[in-house]
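Examination of the molecular architecture
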Amino acid sequence: MISLATRIGVEAAVRLLRGVDLVIGRRPTEDLVVMISRQHRTTSGDFARIRKEIARASPSTRVVVLNHRSTRNPFIEAARILQQTRLLGAARAAVVDTYIIPVSVLRPRPDRPVVQIWHASGAMKRFGVASVGTDEGASPAVARGMRMHRGYSAIVAGGPDAAAEFRAGFGVPAEVVVETGQPRHDRLGDPEHWEGAERRLRASYPDLVGRGRIVVYAPTMRRNAAIRWELLSAALQDAGYTPVICPHPLDARTAVHGPGVVDGSAVPTSDWLAVADHLVTDYSALAFDSVARDVPTWLFTYDIDEYRRSPGLFTDPTVDLVPITSTSPTDLVERIAGHDRIGSPEVVATWDRLRAGHWAVTDGLATRRLVGLLGLAPDAVPPHPSGAA
């Protein structure tokens, strides 16, 4: 249970930030859009695409990108929050891809749309409001005090299942989540993106690309446990596959790269979807991007019991995605090899279901619709085929 001191500290921090907002944040609105991420150190492909579309639709609008990937330094974080507050006060609109404290804590301004694009196409794991009270989630008191995931005028999603996951994770009414597609859908659906990804792979791994039988293993981050890398790598090699290990940056130091195991971290994990014969993950939203790319996708869930407990699951792979899921490395590799030999209608149907639930918007115009949600050149934004926009 959270202490009284912590509750008092949270309340004091909120009051202080709102006071700062009154002093430095409430200024005449500028023709400015601010984009803020706590996920990236450099400008993401999603933010770059939005910035380019804003320049096309509204050339006079200035765009500022704040790449504020989380640190453990309280002084750096405090300075960043002040900068975010100052720019939010001046901006006519904002875009975020993670939880940003000033967006949620400060009193909303009706004339400033704030669009949450999130950094994934959906969520198997519970997050945000839906994980409050678990070991990996915030405490209920802190979540309430910090107004977790409040302040969004719209949250964009690419399909009905993603929309349901976002409604639960952000704890918002149904009308806040709009199925207009995410910028990542345009980016990952762009042939130029995949041409660039393949060039990067060929430059970094000249002896690997094109060899075939590549299985990329990209598990989600484990906060409190080491990943059993060796379990799957050994089974893949025994079956004649080349394992490529793509650890989350926070798990990279625990990755095991033995003989015949490739360290795939020299390029972004999503780049490997350009050449992978198979992708193995677990509870990661990378699975939604992988099936949209038509890469055979499998889920290795050896620690499913821990994830059911914390943070919890929107989708339990061992229940909802049985044909592509296993807790046993040898069984999973047998399924992969079996599909390579003869295919499986049940497996393909499972991939199709994942794709339809998270990548239903494929017209390449999601970023243009987002610029319309920001109030920039709305007459230039075509309607979504389903009418969601």
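A brief look at the structure comes next.

Thresholds, definitions, all that
- Throughout this description, residue numbers start from 1 for each chain and increase along the sequence as written.
- Local features in this predicted model are restricted to residues of pLDDT 70 or higher, and side-chain atom pairs are both shown and tallied only at a pLDDT of 80 or more, whereas totals for entire chains, interfaces and linings draw on every residue.
- As a rule here, side-chain values come from all non-hydrogen atoms in the structure, and water together with hydrogens is ignored.
- Strands are runs of DSSP state E lasting at least two residues, helices are runs of H or I lasting at least four, and both sets are numbered from the N terminus onward.
- Each residue's exposure class comes from its accessible area (1.4 Å probe, protein chains only) as a fraction of the maximum for that residue type: buried when under 20%, exposed when over 50%, partly exposed otherwise.
- Residue contacts are counted whenever heavy atoms from the two residues lie within 4.5 Å of one another.
- Each accessible area is a Shrake-Rupley result for a 1.4 Å probe, and residues are judged covered by the shown protein chains and nothing else.
- Think of a salt bridge as a Lys or Arg side-chain nitrogen and an Asp or Glu carboxyl oxygen that are within 4 Å of each other.
- Should DSSP find at least two bridges between two strands, the strands are regarded as paired.
- Lines fitted to the C-alpha atoms define the axes, with helices restricted to the stretch that makes contact. Angles between their N-to-C directions range from 0 to 180 degrees.
- For classification purposes, an angle smaller than 35 degrees is called roughly parallel, one larger than 145 roughly antiparallel, one from 65 to 115 roughly perpendicular, and anything else oblique.
- We call a crossing left-handed when the near helix sits turned anticlockwise from the far one by less than a right angle, and right-handed when that turn is clockwise.
- Each residue receives one of three labels: charged for Asp, Glu, Lys and Arg, nonpolar for Ala, Val, Leu, Ile, Met, Phe, Trp, Tyr, Cys and Pro, and polar for the others, Gly being one of them.
- In this analysis, rings of Phe, Tyr and Trp, with Trp reduced to its six-membered ring, are considered paired at centre separations within 6.5 Å, and the interplanar angle assigns stacked below 30 degrees, edge-to-face beyond 60, and tilted for intermediate values.
- Ring-over charges, as used throughout, are those where CZ of Arg or NZ of Lys falls within 6 Å of the ring centre and within 35 degrees of the ring normal.

Comments concerning the overall build of the protein
Scanning the protein from N- to C-terminus turns up 15 helices and 12 strands. Residues classed as buried in the protein amount to 51% of the 389 residues present. Intrachain contacts of the protein at a sequence separation of at least 6 include 68% that bridge at least 24 residues. Split by element, the accessible area of the protein, about 17200 Å² in all, is 54% carbon and sulfur.

Some points on the pattern of salt bridges
Throughout the structure, instances matching the rule amount to 22 salt bridges. When the shortest N-O distance is used, the salt bridge between Glu-30 and Arg-62 registers 3.1 Å. A residue pair is termed long-range when its members are at least 10 positions apart, and Glu-30 in the loop between α1 (4-25) and β1 (32-37) and Arg-62 in strand β2 (residues 62-67) qualify at 32 residues. The class for Glu-30 is partly exposed, based on a relative accessible area of 31%. Accessibility expressed as a relative area gives 43% for Arg-62, which makes it partly exposed. Several salt bridges share partner residues, and in doing so they unite Asp-46, Arg-184, Arg-187 and Asp-289 into one network.

A word on the sheet that holds strand β5 (residues 154-156)
The sheet built from 6 strands is open, its strands ordered β2-β1-β3-β4-β5-β6 with parallel pairing. In the strand order of this sheet, the two ends are held by β2 and β6 (177-178), each with one partner. Pairing of strand β4 (residues 114-116) with β5, which is carried by 2 bridges, proceeds in the parallel orientation. Opposite Gln-116, over in β5, you have Ile-155 as the bridge partner. Here helix α15 (residues 366-373) sits on the sheet and contacts β3 (93-96), β4, β5 and β6; the angle it forms with β5, its principal contact strand, is near 175°.

Concerning the packing of helix α2 (residues 45-57) against α15
With their axes 10 Å apart at the nearest point, α2 and α15 run at an angle of 65° to one another. With respect to α15, the element α2 is oriented roughly perpendicular. The chirality of how α2 crosses α15 is right-handed. Along its contact with α2, which presents Arg-49, Ile-50, Glu-53, Ile-54, Arg-56 and Ala-57, the element α15 presents Thr-367, Arg-368, Leu-370 and Val-371. Among the residues forming the contact of α2 with α15, the class breakdown is 5 nonpolar, 1 polar and 4 charged.

A closer look at the packing of helix α9 (residues 229-238) against helix α13 (residues 329-342)
α13 packs onto α9 with a crossing angle of 40° between their chain directions and a minimal axis gap of 9 Å. Relative to α13, the element α9 is oriented oblique. Between α9 and α13 lies a crossing of right-handed hand. For the pair α9 and α13, the contacting residues are Leu-231, Leu-232, Ala-235 and Leu-236 in the first and Pro-329, Thr-330, Leu-332, Val-333 and Ile-336 in the second. Along the lines of polarity and charge, the residues of the contact of α9 with α13 split into 8 nonpolar, 1 polar and no charged.

Remarks on the packing of aromatic side chains
On inspection of all chains with the given rule, the structure shows 12 aromatic pairs. Seen from their ring centres, Phe-127 and Phe-170 are 5.3 Å apart, and the 85° between their planes marks the pair as edge-to-face. Of this pair, Phe-127 sits in the loop between β4 and α5 (140-145) while Phe-170 sits in helix α6 (residues 160-170), and the two are 43 residues apart along the sequence. Accessibility assignment for this pair places Phe-127 and Phe-170 in one class, buried. Between the aromatic rings of Trp-298 and Trp-351, the centroid separation amounts to 5.6 Å while the plane-to-plane angle is 85°, which identifies the pairing as edge-to-face. You can see Trp-298 sitting in strand β11 (residues 297-300) and its partner Trp-351 sitting in helix α14 (residues 345-358), a full 53 residues away along the chain. Neither residue differs from the other here; Trp-298 and Trp-351 are each classed as buried. Joined through ring pairs, the aromatic side chains of Trp-118, Phe-127, Tyr-152, Phe-166, Phe-170 and Phe-314 make up one cluster. It is Arg-293 that lies over the ring of Trp-194; its NZ or CZ is 4.2 Å from the centre.

By themselves these figures say nothing about function.
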